[in-house]
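Chain by chain, the residues:
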Amino acid sequence: MFPIRDHNPSGRTPYVTYILIAANVGIFLSYWTLMQDDQAIMRFYFDWALVPALVSEGRGWGGFFTSMFLHGGWMHLLGNMLFLFIFGDNMEDEMGHFGFALFYLAAGVGAGLIHYIAAPWSPVPTVGASGAIAGVMGGYLLLFPKAKVDILIIIVIFFKIFPIPAWIMLGLWFAMQVFGGFGSAADEGGVAYWAHVGGFVIGLGLTLPLWMRLGATDFWDRTDGHPPHPEAKYNLTRSRIPAVKRK
C-alpha cells in the first residue's frame, strides 16, 4: 500500500519542491556508479552521510545536512521523491517558497538529530530525504487531515486504487514507524525509524504557527478538514484488458 497522488491541487508552481527533487536525483546520479564498489561507496558515505559515532567523536557534523540529499538505491530515491511530489507542493503553497525551503531543511536536520539521540554510537552511515519528507507529511496532516489521497493496494497480482482521507494514510504510516522503531535496534542497519518519527513530529510542530494563523480549529471548521479549495477529481477508466471467464 502506497500513495500515488492526492486530490489537493496547489495554487502556485512548487518551484522549491521541483528543485529539491532535481537536486536529489542529480546528486544520486553523481555517485551511483560507486555502488558497484563496496569500499568506494562506504568511503563516500562516511564522508557525506550522517554517522552518529563520528558526531559523538566531535566530527562529521555536516552529515546532518548532506545526508538528506543522499540515497541508498533507486527504490529508496524514487519512493522518497514520490512522497515529496505528492505532499510537498501543498505545503509550499501554504508556506511560500522561502518558508517551505527553510521548513524542509529544518525538518531534515531535526530528524537526523533525533536519529543521533536514539543511537549516538552507531557506526552505520544514515542517508535519505525521508526524515525531511516525514516533516512535510506531518505538516500536511495538520493542515489537510481530510484531503483525499489515492493509494495503490497490491495483493499478489491484483491491484486497486482507493481514495482515503489523509489522516488515515498518514496516521497508519506514522504508527508503522513508531512500531518499527520499538521493534528494531536503532544502531543497526536498515530503516531509520526514529528519524521518520522525529521528522514527522518536528514537521507538525513547525506547522503549528501557520495553522494557528489560519485560524486553528476554526480553519478546520471552515473547511471540515479538507483543502480550502475545490479538490481535484480523477476519472478512473475501466481496463481494456478483456476478462477471462472460468469454466
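Predicted model only: the values in this text are computed from it and were never measured. (Residues numbered from 1 in each chain as written. Predicted model: local features only at pLDDT ≥ 70, side-chain atom pairs only at ≥ 80, totals over all residues. Heavy atoms only, no water.)

**Remarks on the pattern of salt bridges**
Pairing between side chains of opposite charge can happen when the charged atoms of each approach one another.
Consideration 1: Using the criterion set out here, one finds four salt bridges in the structure.
Consideration 2: The partner of Asp150 in a salt bridge is Arg5, and the shortest N-O contact between them spans 2.7 Å. Of the two residues, Asp150 sits in strand 2 (residues 148–155) while Arg5 sits in strand 1 (residues 2–6), which places them 145 residues apart along the sequence.
Consideration 3: Its relative accessible area of 3% is what places Asp150 among the buried residues.
Consideration 4: Judged by relative accessible area, Arg5 falls into the partly exposed class, the value being 24%.
Consideration 5: The closest approach of N and O atoms between Arg12 and Asp93, which form a salt bridge, is 3.3 Å. Remark: Asp93 occurs in helix 5 (residues 74–95) and Arg12 occurs in the loop between strand 1 and helix 1 (15–31); sequence separation between them is 81 residues.
Consideration 6: Given a relative accessible area of 35%, Arg12 falls into the partly exposed group. (Salt bridge = Lys/Arg side-chain N within 4 Å of Asp/Glu carboxyl O. Helix = DSSP H or I, 4+ residues; strand = E, 2+ residues; numbered from the N terminus. Buried < 20%, exposed > 50% of the residue type's maximum accessible area, 1.4 Å probe, protein only.)

**Thoughts on the sheet that holds strand 2**
Consideration 1: Read across the open sheet, the three strands follow the order 1-2-3; overall the sheet is antiparallel. The strands lining the two open edges of the sheet, one partner per strand, are strand 1 and strand 3 (158–165). In this sheet, adjacent strand axes meet at a mean angle of 30° when their direction is disregarded.
Consideration 2: In the packing of helix 5 onto the sheet, contacts are made with strand 1 and strand 2, and the angle to strand 1 comes to roughly 35°. (Pairing = 2+ DSSP bridges. Axes fitted to C-alpha atoms, helices over the stretch in contact; angles between N-to-C directions. Contact = heavy atoms within 4.5 Å.)

**Digging into the layout of surface pockets**
Consideration 1: When its volume is computed, the largest pocket comes out at roughly 1,000 Å³.
Consideration 2: For the largest pocket, the lining is made up of 48 residues, of which His76, Asn80, Ser130, Val191 and His196 are closest to its centre.
Consideration 3: Among the secondary structure elements, those contributing two or more residues to the lining of the largest pocket are strand 1, helix 2 (38–48), helix 5, helix 6 (97–118), helix 7 (130–143), helix 8 (166–183) and helix 9 (193–214).
Consideration 4: Considered class by class, the residues forming the lining of the largest pocket number 29 nonpolar, 18 polar and one charged. (1 Å grid on protein atoms, 1.4 Å probe; cavity = no way out; pocket = protein on both sides within 12 Å on 5 of 7 lines; lining within 4 Å. Points joined across faces, edges and corners; volume = space filled by probe spheres on them. Nonpolar A, V, L, I, M, F, W, Y, C, P; charged D, E, K, R; others polar.)

**Some thoughts on helix 9**
Consideration 1: Along its 22 residues, helix 9 runs 31 Å from first to last C-alpha, staying within 8% of the 32 Å computed at 1.5 Å per residue.
Consideration 2: The largest bend along helix 9 reaches roughly 35° and is located at Leu208, with the proline Pro209 sitting one to four residues downstream.
Consideration 3: Within helix 9 the residues assigned to the buried category are Ala195, His196, Val197, Gly198, Gly199, Phe200, Gly203, Thr207, Leu210 and Trp211.
Consideration 4: Against the buried residues of helix 9 lie helix 5, helix 6, helix 7, helix 8 and helix 10 (217–223).
Consideration 5: Immediately beyond the C-terminal end of helix 9, within one or two residues, lies Gly215, with a positive phi of roughly 125°. (Expected span 1.5 Å × (residues − 1). Bend = angle between axes of the 7 residues up to and from the residue.)

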